[in-house]
Structure formats: C-alpha cells, structure tokens
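# Geometric and topological summary
What follows is each chain in one-letter form.
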Amino acid sequence: MMKTKTLFLSFALLLCQLGFAKQIMSSERLIEYSKFESSIIPSQDNSDWLSSHHSGKKNEKIEKVEPAFWWSGMKNTRLQLMVYGSNIATYKPEINHPGVVLKEVCPMESPNYLVLYLDVKDAAPGKFQIEFVKGKRKLNYTYELKERQRKGEDRIGFNSSDVVYLLMPDRFANGDESNDYIQMKYPYTVNRRDVNARHGGDLAGIMQHLDYLDSLGITAIWTTPVLENDMGEGSYHGYAATDYYKIDPRLGTNEDYVRLAESMHQRGMKLIMDMVFNHCGTNHPWLLDPPMQNWFNNSHKYIETNHNKTVFFDPYASDIDKQELTDGWFVPTMPDLNQRNRFLADYLIQNSIWWIEYADLDGIRQDTYVYPDPDMMVRWCKEVFEEYPNFNIVGEVMIPNNPVGTAYWQQNSVLNEKANTKLKSVMDFRLRTIAGKVFHEETSWDTGLQLLFEHFAYDFCYPDINNVMRLLENHDTDRFLLETPENLNAYKQAVTLLLTIPGIPQLYYGQELLMSGSNKIDFGYVRPDMPGGWKGDAISVFQENGRTAMQQEAFDFMSKLLHWRKGNDVISKGKMKHFMPRNNVYVYERSCDERSILVIMNGINKEVDLDLAPYKEVIGDKTSSKNVLTNGNVSLGRILHLQPKEVLVLEL
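These numbers come from a predicted model, not from an experiment. (Residues numbered from 1 in each chain as written. Predicted model: local features only at pLDDT ≥ 70, side-chain atom pairs only at ≥ 80, totals over all residues. Heavy atoms only, no water.)

## Considering the sheet that holds strand S23 (residues 595-602)
Worth spelling out the cut-off: A pair of strands is labelled paired if DSSP reports no fewer than 2 bridges between them. A run of H or I in DSSP becomes a helix once it reaches four residues, and a run of E becomes a strand once it reaches two; helices and strands are each numbered from the N terminus. To define axes, lines are fitted to C-alpha atoms, for helices over the stretch in contact only, and angles between the resulting N-to-C directions are given on a 0 to 180 degree scale. Throughout, a residue-residue contact means that at least one pair of heavy atoms, one from each residue, lies within 4.5 Å.
Strand order in this open sheet of six strands is S21-S22-S23-S28-S25-S26, and the pairing throughout is antiparallel. Each edge of the open sheet is held by one strand with a lone partner, namely strand S21 (575-582) and strand S26 (633-635). Each strand of the sheet is rotated relative to its neighbour by a mean of 30°, with strand direction disregarded. Relative to strand S28 (residues 647-651), S23 is paired through five bridges, and the arrangement is antiparallel. Its bridge partner being in S28, isoleucine 597 is matched across the sheet by glutamate 651. Sheet strands in contact with helix H13 (residues 449-456) are S21, strand S22 (585-592) and S23, and its direction is about 145° off that of S21.

## Notes on the nonpolar core
So the rule is basically this: The nonpolar core is taken to be a set of buried Ala, Val, Leu, Ile, Met, Phe, Trp, Tyr and Cys residues, with the residues joined through side-chain atoms within 4.5 Å. Partly exposed describes any residue whose relative accessible area lies between the buried limit of under 20% and the exposed limit of over 50%, with all areas from a 1.4 Å probe on protein chains only and scaled to the type maximum.
Phe132, Tyr165, Trp286 and Trp355 are the most contacted members of the largest nonpolar core, which totals 173 residues. Broken down by element, the residue count for this core peaks at 12 residues, all from helix H9 (residues 342-359). Counting 18 residues, the second largest nonpolar core, distinct from the first, contains Tyr615, Val618, Leu636 and Leu640.

## Considering the side chain of asparagine 467
Secondary-structure assignment places asparagine 467 in the loop between H13 and strand S19 (468-471). The class for asparagine 467 is buried, based on a relative accessible area of 12%. In this structure, asparagine 467 is in contact with Asn392, Gln410, Lys424, Ser425, Val426 and Ile504, ignoring residues within four places of it in sequence.

## What to know about helix H6 (residues 254-266)
Note the cut-off: Here the expected span of a helix is defined as 1.5 Å times the quantity of residues minus one.
Over its 13 residues, H6 extends 19 Å from the first C-alpha to the last, a length consistent with the 18 Å expected when each residue adds 1.5 Å. Those residues of H6 that fall on the buried side of the exposure criterion are Asn254, Tyr257, Val258, Leu260, Ala261, Ser263 and Met264. Buried residues in H6 make contact with helix H4 (203-207), helix H5 (210-216), strand S12 (220-223), strand S14 (243-247), strand S15 (270-275) and H9. Phi for glycine 268, located one or two positions after H6, is positive at around 80°.

## Comments concerning helix H12 (residues 429-440)
Think of an α-helix as turning once every 3.6 residues; residues three or four places apart then point the same way. Let me state the cut-off plainly: For the purposes of these results, a polar contact is taken to be a pair of N or O atoms within 3.5 Å, where, inside protein, one atom must be able to donate a hydrogen and its partner to accept one; residues adjacent in sequence count only when each atom of the pair is a side-chain atom.
The end-to-end C-alpha separation of H12 is 18 Å, in line with the 16 Å expected for 12 residues at 1.5 Å each. Taken residue by residue, H12 has Phe429, Leu431, Arg432, Ile434, Ala435, Val438 and Phe439 as its buried positions. Buried-residue contacts for H12 involve strand S18 (425-428), H13, S19, helix H14 (489-500) and S23. Its side-chain oxygen at 3.4 Å from the backbone nitrogen of arginine 430, aspartate 428 defines the N-terminal cap of H12.

## Regarding the pattern of salt bridges
The criterion, for reference: The working definition used for a salt bridge is a side-chain nitrogen of Lys or Arg within 4 Å of a carboxyl oxygen of Asp or Glu.
Scanning the entire structure with this criterion turns up 37 salt bridges. The partner of arginine 267 in a salt bridge is aspartate 211, and the shortest N-O contact between them spans 2.6 Å. Of the two residues, arginine 267 is situated in the loop between H6 and S15 and aspartate 211 in helix H5; the sequence distance between them amounts to 56 residues. Take arginine 267: its relative accessible area is 33%, and that puts it in the partly exposed class. Notably, a salt bridge pairs arginine 340 with aspartate 327, separated by 3.1 Å at the nearest N-O pair. Taken together, the residues span a long stretch of sequence, with arginine 340 in the loop between helix H8 (319-327) and H9 and aspartate 327 in helix H8 at a distance of 13 residues. Among the ionic contacts, a cluster of salt bridges with common partners joins Arg148, Arg150, Arg155, Glu357, Asp360 and Glu387.

## Thoughts on the sheet that holds S12
Around the barrel, which closes on itself, the eight strands sit in the order S10-S12-S15-S16-S17-S18-S19-S20 with parallel pairing between neighbours. Strand-to-strand twist across the sheet, computed as the mean angle between neighbouring axes with direction ignored, equals 30°. Pairing geometry for S19 and strand S20 (residues 504-508), over three bridges, is parallel. Within S20, the residue paired with arginine 470 across the bridge is proline 505. Its contacts with the sheet place H6 against S12 and S15, and it is angled at close to 145° to S15. Here H14 sits on the sheet in contact with S19 and S20, set at roughly 140° to S20.

## Some words on the environment of isoleucine 399
Mapped onto the elements, isoleucine 399 comes out in the loop between strand S17 (393-395) and helix H11 (403-407). Residue class for isoleucine 399 comes out buried when judged on its relative accessible area of 9%. Counting along the chain gives 91 residues from isoleucine 399 to asparagine 308, while the straight-line C-alpha distance between them is 9.5 Å. Setting aside anything within four residues of it in sequence, one finds isoleucine 399 in contact with Lys309, Phe313, Gly405, Thr406, Phe429 and Arg430.

## Description of the packing of H12 against H13
Operational definition: Put simply, angles under 35 degrees are roughly parallel, angles over 145 are roughly antiparallel, angles from 65 to 115 are roughly perpendicular, and the rest are oblique. Here the term charged refers only to Asp, Glu, Lys and Arg, the term nonpolar to Ala, Val, Leu, Ile, Met, Phe, Trp, Tyr, Cys and Pro, and the term polar to all other amino acids, Gly among them.
For the pair H12 and H13, interaxial distance at closest approach is 8 Å and the crossing angle is 155°. Classified by the angle their axes make, H12 and H13 are roughly antiparallel. Contacts from Arg430, Leu431, Ile434, Lys437, Val438 and Phe439 of H12 reach H13 at Leu449, Leu451, Leu452 and His455. Of the residues contributing to the contact of H12 with H13, the split by class is seven nonpolar, one polar and two charged.

## A short note on unusual backbone geometry
Geometrically, the link from glutamate 66 to proline 67 is a cis peptide bond, its omega value of -5° lying close to zero. On the secondary structure map, proline 67 appears in the loop between strand S2 (62-66) and strand S3 (70-72).

## Re the environment of isoleucine 597
Mapped onto the secondary structure, isoleucine 597 falls in strand S23. In sequence terms isoleucine 597 and leucine 648 are 51 residues apart; their C-alpha atoms lie 10.0 Å from each other. Setting aside its immediate chain neighbours within four residues, isoleucine 597 contacts Trp564, Val570, Ile571, Tyr588, Glu589, Arg590, Val649, Leu650 and Glu651.

## Description of empty space enclosed by the protein
To keep things clear, this is the line we draw: Detection works on a 1 Å grid of protein atoms alone, calling trapped sets that fit a 1.4 Å probe cavities and calling open sets with protein on both sides within 12 Å along at least five of seven lines pockets, with lining residues defined by an atom within 4 Å of a point. Grid points are joined across faces, edges and corners, and a volume is the space filled by probe spheres set on the points.
Counted according to the given criterion, the structure contains six cavities of 30 Å³ or more. If you add up the space inside the largest cavity, you get close to 150 Å³. Looking at the largest cavity, the residues that line it are Trp70, Met74, Asn76, Arg78, Gln80, Asp346, Ile349, Gln350, Ile353, Arg379, Glu383 and Glu387. Listing elements by their share of the lining of the largest cavity, those giving two or more residues are strand S4 (78-85), H9 and helix H10 (374-387). No other element matches H9, which puts four residues into the lining of the largest cavity.

## Looking at the packing of aromatic side chains
The line we're drawing: Aromatic rings from Phe, Tyr and Trp, with only the six-membered ring used for Trp, were paired whenever their centres fell within 6.5 Å, and each pair was classed as stacked if the ring planes differed by under 30 degrees, edge-to-face if by over 60, and tilted otherwise.
With the rule as written, the count across this model stands at 37 aromatic pairs. Seen in terms of ring centroids, tryptophan 286 and tryptophan 295 are 5.5 Å apart; in terms of plane orientation they differ by 75°. Their pairing is edge-to-face. Each member of the pair, tryptophan 286 as well as tryptophan 295, is classed as buried. When the ring of phenylalanine 439 is compared with that of phenylalanine 480, the centres are 6.2 Å apart and the planes differ by 70°; the resulting orientation is edge-to-face. Of the two residues, phenylalanine 439 is situated in helix H12 and phenylalanine 480 in the loop between S19 and H14; the sequence distance between them amounts to 41 residues. The same class applies to phenylalanine 439 as to phenylalanine 480, namely buried. Through successive ring pairs, a cluster of aromatic residues spans Phe69, Trp70, Trp71, Tyr244, Tyr245, Tyr257, Trp286, Trp295, Tyr347, Trp354, Trp355 and Tyr358.

Right, dumping it as structure tokens:
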C-alpha cells in the first residue's frame, strides 16, 4: 500500500509541475544576438530511482551521505549526517574511531533515510569508518574530517565598503558550451529564443568576465542560486533546488564554484551565495519520498502563501493569516519546507555552514527571508555568526511600501519586541519603489527629490544603517530604466545617490549599460542575456567597441564613482546630514574624520541658481571644491549655478 501511495504521489506531483510550470515561472525576453536552435533534453527513466528506494535486500546500499565531508576544529562540534539508502533506517550504525562519538541515531519515518548525530570535538582530521549492521548484513562507509584552512574569525563578510553586483548565471555569459546539453533526470529546453528556457550561461562565463567586473569597479558578486535545479521550464533562475550540496551541472561543478571564489579573492573581490531555506523544487527526492510526514507544510499539497509579510508586526493580525504566510507554498513548483522539523532545521543550518567553509564564501543572501519559521531563522543566524563572527548575511525582506517593516527584521531592532533576529543586513526595497518617481519626475513640494528626503528621514528605524543593502533594481523588479533614455540625467543622479548614501549598494547586471525593461508582462523582460556573453553574438558589450556612445558614457560614469568609492571611509563609514529640498535642489553631506563630500542634485529640468547660505553649517568657510565627477573645481560663492537635472559630488 505504501509503495502504491508513493508512486501515486510522485505521478501527481509530476502532473502538477507540468500543469503549472508555464504560469508560475517567468519567461525571458527574446534575444536576437545569436541563432540557437531549440534542443529538448530527453528525460531519464526515473523507475531506477524509485525501485532502489522500494526494493528488496539485494539492492540495499548507501546511496549518499550529506554532507559528504566535514571539518575538525569547528566551534560547534555536533555533526548531523543524513544517510540515504534503500531501507537504511533498518540498519544500526557503529563508529569506533578516536574522538568521534555517535550521540544519536534517528531513523526517519521513511525507511530510506537515517539521521545520525556525531560529536567530533576531539577528532583529528582524517578518515574513519561507519559500519551499518542488520543481522549478518553489513554496509561500510568511509567518512572524512578535513583540516580547516583558516579560523572562522578571519573570514570577513561583505560590508558598506563593498559594491555588490547581482547577476543571473544562466543569462550573464556562456563560458563552457560543453555543459549546455547535459543529461538530467527531467526534461528541459536549451534555446535562447525561448523566453522561458535555459540559455546556457554558467560559472565559466562569470570567470571569463571577472576582468570586466574588476575594471568596472565591482568588489562583490551575488549570483542567483547555483545549486542543482533539476526542474522543467522556467527554473533557469535557480530558486527550486533539487540537491542542496551540488552545483547545477549545467552551470559547472562544485570544484568550478570553488575556483570562482579563489579567482575572485585573488582580485580582492567577494562572493555571496544565494540560499533558499523556505522551499525546494518539486523534483527534489524529498518530495518523492518524504523523510517524515511533516517534512513539508500542508502535507505535500499546494496551498499558496498569502505573501502578507506584515503579519509579524501587525497588532491586529489573525492566526490564520500568520499560518498561511509561513506554511503556504510560494508557488506550486516550490513546496514549502517545514523548518519546525528539527532534523530539517539542522540540515539547512549545517548546509549553509558547509558551503561557507567549502567554497570560502564572503556572504549569504537569504531568499524569501520572512517566509520560513522565524524561530529557526534566528537560530540559523546565531549559529552562523558564532562560527563566523565577521561574516554577513542579508535577508530578502521585500516590503516595498514602508521602511519600518523592513527595519523590524534587522538585528537589535527596537521595533521588534518579540525577538532579536540576529540578521545583520536587510534590503531597502522602499528606495527601489520610489526611485523611478524620484529621478524621472520633476521635483516639487511632494514629488521628485522630496520623496527621497522623506524616505531617508526614516533611516532612524534601522539599528545599523551601514548594513542596509540599497538598490534601484534587481531580478524581481522593474528596471530603473523602463526604456532606453533620451539622456543620462536621471540615470546619473540615481547612480550617484546609490553609491554615496549610507549602506551597501547593490547593482544589477547590465545596469552599467542602461539595460531597461519592466516585469509587468513577464519577469523575462528584466533578465536578458548580456550581449557578447555567447559565441556568435553580433556585438559584445563587454568590450568598448560593442557599446553605444550612451552606454559607454554610462559605463564610464559608474566606473569612475565605483573606483573613487573604493577605500573611501567618508562613504563607507561617514555620517550623513541632509537638507530639505530648497528651490527644488536636494543637498546632503557625508563626513568622516574631518573629511567631507557634498552631493547636490537639481530636481527639475531648468537651470537653477542655488543660494548657498542655508548650507553654511557644512560648507563652513570653504570657497572652492573639487567635483569628483569631472575633476574640475567648483566655486562656492554665494550662488551656485546648476544646469537642468545636474548632479555634483564635491570634495570639501
């Protein structure tokens, strides 16, 4: 009966995936730079996988152990091992090795999983045997504890001195065509003309363009998830994992990911991994054969989350609204994981620490941060920062209408009376929401730069404003530019603001080249390929001769500010003082250790004569300054003449 129910569930889930895939995952804008024919990757017969989990003793074996290895000398000496194998829960494990103590043996409800807890406090680096015994039958597994390369305290995470560049590997560059058509368990399409298919970008493509990013002035890269997503159409973005310990082979290998981190570190750049604790993909083995009945919320059936992220601080929130947020599925192809299950919680926390140690990560971006169980997320941050106190994690808290709701989630927030989240960084989606109006509209008493002034007044809500990630656009939002601009006035003001205000700036790939688009019809319109990232592309924006004059002007403008920002304590650590817009001009100062810069923005498309008398408290007796953007001198007399929508960055 159990076999029949499991097979029925598997078949039903596959039908669900096929039925919902196209309406769930966003498609991509049609790319004309290269002519690729559609290639359908045939599926493997999954009966082998199912039979190995439900067969007789002759097929009983250890399929894998997660994590595949660990390290000695970790502060937390408890190690969870999740053992996969047909009927493995019916075996008794035995370990006889100095310093390794088997503390707990936990058979799962499915006989095909066994969870072990070891204490390796006194264990030296090396290999040891785990023997699984059932009567006269024995299965042996060799496990390894590696030596740590450096202490956890020595790992410095991304911070306000960095500029983070977000890219989607499948759409950035294809550096290795040999992994474009790899056989997977489930069918998928590789076709750059198909807006919802995979396009072939990979880790090798990122590696080959580190020179480009370095020359731009980027100091950190955040990629959308790179773990295996053995899913159908629309999963090119990586947010539906089917293996938490494996890089998707269409992007590369685990070793390739380590080499990417090493290459970046040699350049002084940092690597941020995008992780997803809230959900996995419907093709994850856990869903086909759940370790426990409560491994997923809502007993493996689709009940959508209400996406109402205000329920945590809403004084009037109902219990059903709270439950639907955390326990509902994000979309039908992303089943909701139950982090209240202690074995799953341990697995996810340990998995994140494994990737930090293995890939030498510099940070984590946690997707859908407020959707998982909040108590588990607090525990996760606590354990990560105990092991790596100088590491950093930014949580996706997408509350676009009010910064107060976002500030609630940053650690030590006085707004959160229930718990200290221990989450160091959150994302300022409110700035992204208003950016279009701020810079594309004319400023008045309630429009344009006035909205910016009012927004920053709420920075008092954040316990650590320097650890707030600021953005104008990302992979889930409209581009800052909805269409190719006629001039760069709004663009230059927006970029200047992003790179000079307190916090951690986040750029989105192609932003330096004026990529535009809206996700109103489909997310694909904000996730195009980078022209030149594929062999045969007619042009390459990675080279100056492949850019339009306006693209080159935008690139040079951003690059100049990025390089000026590097190592500039006035920007990364300095205080901020701003002035309410006068004569439609917004002015703010950043200062540190008797050094200061003054940013001046004209919010209207007319020339303005700005009276500098109200800014005496920051200008003092200085009569001239250097404009960082032009390297020219600017006189600070009684009146400052500004061109339409002009922006100045003055070193005082």
